[in-house]
Amino acid sequence: MTISIKEAYMELEEPEFRVLRVIEKWLPKYEYVPAEIIEKHSRLPPSRLSRSLRKLGELKLIKRSLGTLIGYTLTYMGLDVLALRGLVVRGIIEDIGEKIGVGKEGEVYLGVSPTGEWVVVKFHREGRRTFKHLRRTRSYMANATRGQWLLKAKMLGEREFKILVELSGRGARVPKPVGWNRNAVVLVYLEGVELYRFKDLDGKSAERVLWDVLETIKIAYRDVGVVHGDLSEYNVLVVEEDGEYRGYVIDWPQYVYKDEEHADELLKRDVYYIVRFFKRKLGANVDEDEALSFIKGESG
Ligand SMILES: Nc1ncnc2c1ncn2[C@@H]1O[C@H](COP(=O)(O)OP(=O)(O)OP(=O)(O)O)[C@@H](O)[C@H]1O
Ligand SMILES: [Mg+2]
């Protein structure tokens, strides 16, 4: 049986969070954090500590080493509940609800902010997709080793949050970032439908949505200096605003800077792909090369 991040979270009390935090803190040094270190730094009575470790193990938030030395490591879910705790304690969210979006890698949940606004909480995984692509572009963490998954996942949370601050600050049509903690990023919820599921767009509405997307890609490229790198019908949300369909571009953590190797190829791939999707599936009448030169500022 697999339980949700929220269900696991609800089972925990402060001592369990304390144990998780100690393991997290020492993980960059150890593959499995030795039991003595957990004992020393969690400062829990032995019986409470063993109860906490048992519970965390049952909930699959930690994993015990198979070797002779007793030690523990976090699972992704262990990191997720710590991030969730951080978000709640810092007042970034008040509650977490249903899981939304059928995730290949990330886990995306609906949540509520302290002011009652709907938000989404996205828990990053290290991301095969993201890192395959980043290795190819010899980007900022090409040489990271397997054991650094924890730092990588956390870095993705920060990375997505910060780029969304830049993008939304410059008027790009992206979800507004609310906050982040560890591998989790919180965004304003957009009540819309992913483009791939959208059936009843007429040609004119389709072009409106496409230009929203192109405009956003242009702001990203020209004003922020980045390329999305994974633009597709899965990462465009169509939202109804004042009786009109409008497009938003989501899912930015794999972005690359425009002066990085392959950035131009990626931009071209992104633009050609999305323009062709709109042409083929939705009857939009826009030329790929014109769209590309619009973004690069060679026209428009
Ligand atoms: N701000 C948002 N408002 C509404 N829904 C969102 C928002 N952000 C993400 N979603 C939903 O969550 C899904 C996954 O989000 P996103 O594309 O950012 O993550 P992902 O890394 O692609 O996840 P995965 O690869 O697991 O699908 C989206 O397809 C969408 O349904
Ligand atoms: Mg996506």
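Bear in mind that the values here come from a model prediction, so they are computed numbers and not experimental data.

Definitions and limits used
- Residues numbered from 1 in each chain as written.
- Chains lettered and ligands numbered in written order.
- Predicted model: local features only at pLDDT ≥ 70, side-chain atom pairs only at ≥ 80, totals over all residues.
- Heavy atoms only, no water.
- Domains from an automatic or database assignment.
- Donors = N, O, S within 2.8 Å, 3.2 Å for Na, K, Ca; no water.
- Helix = DSSP H or I, 4+ residues; strand = E, 2+ residues; numbered from the N terminus.
- Buried < 20%, exposed > 50% of the residue type's maximum accessible area, 1.4 Å probe, protein only.
- Core = buried A, V, L, I, M, F, W, Y, C linked by side-chain atoms within 4.5 Å.
- Contact = heavy atoms within 4.5 Å.
- Pairing = 2+ DSSP bridges.
- Salt bridge = Lys/Arg side-chain N within 4 Å of Asp/Glu carboxyl O.
- Phe/Tyr/Trp six-rings, centres within 6.5 Å; stacked < 30°, edge-to-face > 60°.
- Lys NZ or Arg CZ within 6 Å of the ring centre and 35° of its normal.
- pLDDT = per-residue confidence, 0-100.

Student: Any chance you could explain the domain arrangement of the chain here in plain terms?
Tutor: One frequently used descriptor of interface size is the decrease in accessible area upon assembly of the parts. We note that the domain assignment places domain 1 (5–74), domain 2 (91–188) and domain 3 (192–295) within the chain. Centre-to-centre separation of domain 1 and domain 3, based on C-alpha positions: 44 Å.

Student: Is there a simple way to think about the coordination of the magnesium ion (ligand 2) in this case?
Tutor: Around the magnesium ion (ligand 2), the protein contributes the donor atoms Asn235 (OD1) and Asp251 (OD), which lie 2.2 Å from the metal centre. Taken together, the residues Asn235 in the loop between strand E10 (226–227) and strand E11 (236–241) and Asp251 in the loop between strand E12 (244–249) and strand E13 (256–257) connect sequence positions 16 residues apart. With relative accessibility at 13%, the residue Asp251 sits in the buried group.

Student: Got a minute to help me understand the nonpolar core in this structure?
Tutor: Generally speaking, nonpolar side chains in soluble globular proteins are found buried as a group. Within the largest apolar cluster, 48 residues are counted, with the highest numbers of intra-cluster contacts made by Leu167, Leu195, Trp252, Val271 and Phe278. Among the elements of the structure, helix H7 (149–169), strand E8 (184–188), helix H8 (203–224), E10, E11, helix H9 (263–282) and helix H10 (288–295) are those that each provide at least two residues to this core. The two domains that each donate at least three residues to this core are domain 2 (91–188) and domain 3 (192–295). In contact with Trp252, not counting residues within four places along its chain, are Glu160, Ile163, Leu164, Leu167, Val174, Thr216, Ile217, Ala220, Val226 and His228. Core analysis: the second largest hydrophobic core is formed by 40 residues, Ile37, Leu53, Met77 and Tyr109 among them.

Student: What is the right way to look at the pairing of strand E6 (residues 118–123) in this model?
Tutor: Side-chain positions along a regular strand alternate between the two faces of the sheet. Among the six residues in E6, five count as buried, and that is most of the element. Sheet analysis places strand E5 (residues 107–112) next to E6, joined by six bridges and oriented antiparallel. Across the sheet, Leu110 pairs through a bridge with Val120, a residue of E6. Here E5 folds back onto E6, and the loop between the two strands holds five residues, one of which, Gly116, carries a positive phi near 90°. Both E6 and E8 contribute to a ladder of five bridges, which runs antiparallel. Bridge pairing links Val121 to Val186 in E8.

Student: Looking at this structure, how should I read the pattern of salt bridges?
Tutor: Side chains carrying opposite charge are able to pair once their charged atoms draw close together. Tallied over the entire structure, the rule returns 24 salt bridges. Two residues, Asp212 and Arg246, come together in a salt bridge whose shortest N-O distance is 2.8 Å. Of the two residues, Asp212 is situated in helix H8 and Arg246 in strand E12; the sequence distance between them amounts to 34 residues. Just as Asp212 is buried, Arg246 falls in that class too. Between Glu288 and Arg276 there is a salt bridge, with the nearest N and O atoms lying 2.8 Å from each other. In this pair, Glu288 is assigned in helix H10 and Arg276 in helix H9, connecting sequence segments twelve residues apart. Overall, the relative accessible area of 42% leaves Arg276 in the partly exposed class.

Student: In this structure, what is going on with the sheet that holds strand E2 (residues 62–64)? I would like to understand it.
Tutor: Strands in a sheet are paired, the pairing made by backbone hydrogen bonds, and the direction either parallel or antiparallel. Taken together, the three strands give an open sheet; going across it, the order is E1-E3-E2, and neighbouring strands pair in antiparallel fashion. Only two strands of the sheet have a single partner each, and these edge strands are strand E1 (33–34) and E2. With three bridges connecting them, E2 and strand E3 (residues 71–74) associate as antiparallel partners. Residue pairing for E3: Ile62 is matched across the bridge by Leu74.

Student: Please explain the pairing of E12 as it appears in this structure.
Tutor: Of the pairings in the sheet, the one linking E11 to E12 comprises six bridges and is antiparallel in character. Across the sheet, the residue bridging to Val236 is Val249, located in E12. Taken together, E11 and the strand that follows it, E12, pair antiparallel across an intervening segment of two residues, in which Asp242 is found at a positive phi of about 50°.

Student: I'm lost on the packing of aromatic side chains in this one. Help?
Tutor: Two aromatic rings, taken as a pair, are described by how far apart their centres are and by the angle between their planes. Taken as a whole, this structure holds ten aromatic pairs when the rule is applied. Ring geometry for Tyr255 and Tyr257: centres 5.5 Å apart, planes at 90°, overall edge-to-face. Classification of Tyr255 by relative accessible area gives buried; the value is 6%. When the ring centre of Tyr248 is taken as reference, the NZ or CZ atom of Arg173 above it lies at 4.7 Å. The ring of Tyr221 is capped by Lys258, whose NZ or CZ atom sits 4.5 Å from the centre of that ring.

Student: What exactly am I supposed to notice about the confidence of the model for the chain here?
Tutor: Where the model shows low pLDDT, its predicted coordinates should not be examined in detail. Per-residue pLDDT for the chain has a mean of 91; in total, 91% of the residues score no lower than 70. This stretch, residues 135–147, has a pLDDT under 50; its non-local contacts, to residues over four places away or in other chains, come to 21 contacts.

Student: Please clarify how the environment of Lys204 should be interpreted in this entry.
Tutor: Looking at the element boundaries, Lys204 is found in helix H8. Accessibility expressed as a relative area gives 70% for Lys204, which makes it exposed. The sequence separation of Lys204 and Lys122 amounts to 82 residues, and the corresponding C-alpha distance is 33 Å.

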